[in-house]
Amino acid sequence: MFDSSQHPHRRLNPLTNEWILVSPHRAKRPWQGQVEDLPPEIRPVYDPACYLCPGNERAGGKVNPAYTGTFVFDNDFPALLPDTPGDEPPAHPLFRIQGERGLARVICFSPRHDLTLAEMDPADIRAVVNTWAEQTEDLGRRDFIGYVQVFENRGAMMGASNPHPHGQIWATERLPREVLKEDSAQRDYYAAHGRTLLADYLDEERRRGERVIYANETWTVLVPFWAIWPFETLLIAHRATGSIPALRPDERDGLADALHHVTVRYDNLFHTSFPYSMGFHQAPTDGAEHPHWHLHAHFYPPLLRSATVKKHMVGYEMLGTPQRDITPEQAAARLRDLSDQHYTKATKA
Ligand SMILES: [Zn+2]
Ligand SMILES: [Zn+2]
């Protein structure tokens, strides 16, 4: 008799139509996460050497204003440029090349150098949500921008070059690869069922409950059925709305609250400032209607069983299929059982 908590199997990610391999028999022993007593990283509220702190000088002699909330600027070393030339006629079908116009910006989440999303008040995270919405609108209304990718790369393990709390926005002419896959899968599902894929998925996850970590009135946080990263999560808006700017005020409150809860639990898991890449997937900004699009955020954290032991995407995963040992259900139970009080505050209390 097949048991998904015991037997090797594969699971389909319906957002991308890709499979992952799960090997739960390798994690049969009672699995204890390890909390290493690493000395906490003490950072100053203001760092005179940080190019993101208020009042400091950036590359090229630009000076940050004395900002008190969020602060957005054009990336000084942008991966994309707005005035790049257009397509060249293909010289050979195996050597295709396309000009790609775009813009890249940086968002400082807070003037405080020493905070992370997990340590910020939900009211201040709410200001970040508003900034994401404003930026999506501002960039998306340009006629050469077809998609706005909002993301945060957090922690040195993920290659984030500066600990100051900040995220990025890359806006491009065409849909990026992951978004293109999800656009196609959501479009097909909507055409077949008349509802968004994630609305039906969310209903079923809330009914089952085993992968849900946290929910408020407007957002649910869960470990997706098809998660690849050990503690990967998905934040899904309850209302099938397509973009951050389309969120109502109460939904923006709910998103800030959900982000607070998931990032605090992540830090509490291994008593460390949890590294991750996170970002939103939202409807294209090409001016067309996209009723099949359902706003959500992915968190992809690399840590596996302690503050220093990470999962590596190598070998079979590069050449075959991504694979995990602990099941998404086990990961969800671990995250769900953690306190929603940040561990640094809990130990001080
Ligand atoms: Zn700073
Ligand atoms: Zn997505």
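Refer to the preceding data block for the structure.
Residues numbered from 1 in each chain as written. Chains lettered and ligands numbered in written order. Predicted model: local features only at pLDDT ≥ 70, side-chain atom pairs only at ≥ 80, totals over all residues. Heavy atoms only, no water.

1. Some details on the overall build of the protein
Item 1. Of the regular secondary structure elements, the protein holds seven helices and 12 strands.
Item 2. Taken over the C-alpha trace, the protein has a radius of gyration of 21 Å; the compact-globule value for 349 residues is 20 Å, and the two agree within 12%.
Item 3. Taking the principal axes of the C-alpha coordinates as reference, the protein spans close to 60 × 55 × 40 Å.
Item 4. Buried positions account for 49% of the 349 residues belonging to the protein.
Item 5. Sequence separation of at least 24 residues holds for 69% of the intrachain contacts in the protein that already meet a minimum separation of 6.
Item 6. Surface accessibility of the protein: about 17000 Å² in total, with carbon and sulfur atoms responsible for 54%. (Helix = DSSP H or I, 4+ residues; strand = E, 2+ residues; numbered from the N terminus. Rg over C-alpha atoms; globule rule 2.2 N^0.38 Å. Buried < 20%, exposed > 50% of the residue type's maximum accessible area, 1.4 Å probe, protein only. Contact = heavy atoms within 4.5 Å. Areas by Shrake-Rupley, 256 points an atom, 1.4 Å probe, with all protein chains shown as cover.)

2. Considerations on the coordination of the zinc ion (ligand 2)
Item 1. The protein atoms that coordinate the zinc ion (ligand 2) are Glu 182 (OE), Glu 182 (OE), His 281 (ND1), His 296 (NE2) and His 298 (NE2), at distances spanning 2.0 to 2.3 Å.
Item 2. Note on His 296: relative accessible area 0%, which makes it buried.
Item 3. Judged by its relative accessible area of 5%, His 298 is buried. (Donors = N, O, S within 2.8 Å, 3.2 Å for Na, K, Ca; no water.)

3. Section: the side chain of His 292
Item 1. Topologically, His 292 is positioned in the loop between β10 (276–281) and β11 (296–300).
Item 2. At a separation of 2.9 Å, a polar atom in the side chain of His 292 contacts the side chain of Asp 183. (Polar contact = N/O pair within 3.5 Å; in protein donor to acceptor, adjacent residues only side chain to side chain.)

4. Description of the sheet that holds β10
Item 1. Judged by pairing direction, the sheet is antiparallel, and its nine strands sit side by side in the order β3-β4-β6-β5-β10-β11-β9-β8-β7 without closing on themselves. Each edge of the open sheet is held by one strand with a lone partner, namely β3 (71–74) and β7 (212–215). Strand-to-strand, the axes of this sheet are offset by a mean angle of 20 degrees, without reference to chain direction.
Item 2. Taken together, the five bridges between β10 and β11 define a ladder with antiparallel strand orientation. Note on β11: the bridge partner recorded for Phe 280 is Ala 297. (Pairing = 2+ DSSP bridges. Axes fitted to C-alpha atoms, helices over the stretch in contact; angles between N-to-C directions.)

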